[in-house]
Amino acid sequence: MSYYGWHAYVPVAEKRRQAERKLAKLKKQGRSVAPVRIEGRIITKSFWGKSWCVNLERYSDYENRLPRGRTYVRNGSVIDLQIAKGEILAMVAGSELYQIKIAIAPVTRARWKSICRDCAGTVDSLVELLQGRLAKGVMERVCREGDGLFPSPTEIKLSCSCPDWADMCKHVAAALYGVGARLDEKPQLLFVLRDVDETEMLASAGQDSPLTTAPGAGKVLDESDVAALFGLEMAETLHAPNSAFTAPKRPQHSKAQKGKISAGKTKPAAKTDVASHRATRAGSGTKKTTRASARKRRARRRP
């Protein structure tokens, strides 16, 4: 313990070791645990996982508390995460092992029927639904603020056993990000959590939908598109290189064009002119030498 009651800084590697020790202790006690494992810095990869996290980030109620949660979930501090109907239970390793309980209100029947009605005829199979391979209009409807599938802060009740006075402490934030990572593996858990039956989105497959897109429309969105559904910029998006700094390409010429270009060049002709000029100078020098020799012979013959 350091000054003013704050805990001393603990390096990331040590935090991971502490989490692993606590996890091993729980397993030794016979506890069934489901830790959240993050490979690298990217927490979520699928449409459902990304959409869950970005939905949280668009609310000002949470924006100041979420960054610490990202650090904790990357460190492996979420050593257990259980998702059930209307409830998330987690254990997060900090200076101690903290218990988290998050209650999520179910989607009302009228709201779910509205979602299914608006998406009728656009979901071809349960596999496509769970993989997030949906028409863009369907994705926008599912992610819509207020009456979509993802919860708002008024539908979320947070609880943690840590002494932090804030409703959303870093341990709760880590658990919420852990839900996004878990949806990468088991997207059906979102429907379990919201207490709806995902197969009902397939029941009206033969009906027309106001969200139907043109034939051949793409059903896969990249990271920036997922963020665009919520009107946000994602922090973990790869940027393409700036075209302003791209070196211009040299024009490519065919063999015929190359022949014409080389035929039109004047440099070889210039070399010929220089050679002829040198030959002329050499010839004039020879004539001067011959004249000087003749004068010397005439001088010797004179008495």
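Since this is a predicted model, take the numbers as computed values, not measurements.

## As for the overall build of the protein
Regarding its fold elements, the protein presents 11 helices and 4 strands. By residue count, 35% of the 303 residues in the protein fall in the buried class. Accessible area of the protein: about 19,200 Å², with a carbon and sulfur share of 53%.

## Things to note about the sheet that holds strand β4 (residues 156-160)
Pairing in this open sheet of 4 strands is antiparallel, and the strands run β1-β2-β3-β4 from one edge to the other. A strand with exactly one partner marks an edge of an open sheet, and here the two such strands are β1 (78-84) and β4. Averaged over neighbouring strand pairs, the angle between their axes works out to 10° when direction is ignored. Sheet topology places strand β3 (residues 97-104) next to β4; 5 bridges connect them, and they run antiparallel.

## Let's talk about helix α7 (residues 170-185)
With 16 residues, α7 should cover 22 Å at 1.5 Å per step; its first-to-last C-alpha distance of 23 Å lies within 8% of that length. With respect to burial, α7 is a largely interior element, 13 of its 16 residues being buried.

## Some points on the nonpolar core
Most often, soluble globular proteins keep nonpolar side chains buried together rather than apart. With 57 residues, the main nonpolar core has Trp48, Trp52, Ile102, Trp112, Leu149 and Met201 as its most contacted residues. Element by element, the count of residues in this core is highest for α7, at 9 residues. With sequence-adjacent residues up to four places away left out, leucine 149 is seen in contact with Trp48, Val107, Trp112, Ile115, Val142, Leu190, Phe191, Arg194 and Val196. Counting residues in each nonpolar core, the second largest holds 7 residues, with Ala19, Leu23, Leu26 and Ile79 among its members.

## Notes on the pairing of strand β2 (residues 87-93)
Side-chain direction in a regular strand flips from residue to residue, so the side chains alternate between the two faces of the sheet. Counted residue by residue, β2 has 5 buried out of 7 residues, so it is predominantly covered. In this structure, β1 lies alongside β2, joined through 6 bridges in antiparallel fashion. Paired with isoleucine 83 across the strands is isoleucine 88, a residue of β2. Between β1 and β2, which pair antiparallel one after the other, the connecting turn spans 2 residues, and glycine 86 there sits at a positive phi close to 70°. When β2 meets β3, the two strands line up antiparallel, connected through 7 bridges.

## With respect to the confidence of the model for the protein
With 61% of its residues at a pLDDT of at least 70, the protein reaches an overall mean of 75. The weakest mean pLDDT in the protein belongs to helix α10 (residues 255-263) at 45; the strongest belongs to helix α8 (residues 188-193) at 97. Contacts from residues 232-251, a stretch scored under 50 in pLDDT, to residues over four places away or in other chains number 17 contacts. Ignoring residues within four places in sequence, the model shows residues 258-277, a span with pLDDT below 50, making 2 contacts including any to other chains.

Procedures and definitions
- Residues numbered from 1 in each chain as written.
- Predicted model: local features only at pLDDT ≥ 70, side-chain atom pairs only at ≥ 80, totals over all residues.
- Heavy atoms only, no water.
- Helix = DSSP H or I, 4+ residues; strand = E, 2+ residues; numbered from the N terminus.
- Buried < 20%, exposed > 50% of the residue type's maximum accessible area, 1.4 Å probe, protein only.
- Areas by Shrake-Rupley, 256 points an atom, 1.4 Å probe, with all protein chains shown as cover.
- Pairing = 2+ DSSP bridges.
- Axes fitted to C-alpha atoms, helices over the stretch in contact; angles between N-to-C directions.
- Expected span 1.5 Å × (residues − 1).
- Core = buried A, V, L, I, M, F, W, Y, C linked by side-chain atoms within 4.5 Å.
- Contact = heavy atoms within 4.5 Å.
- pLDDT = per-residue confidence, 0-100.

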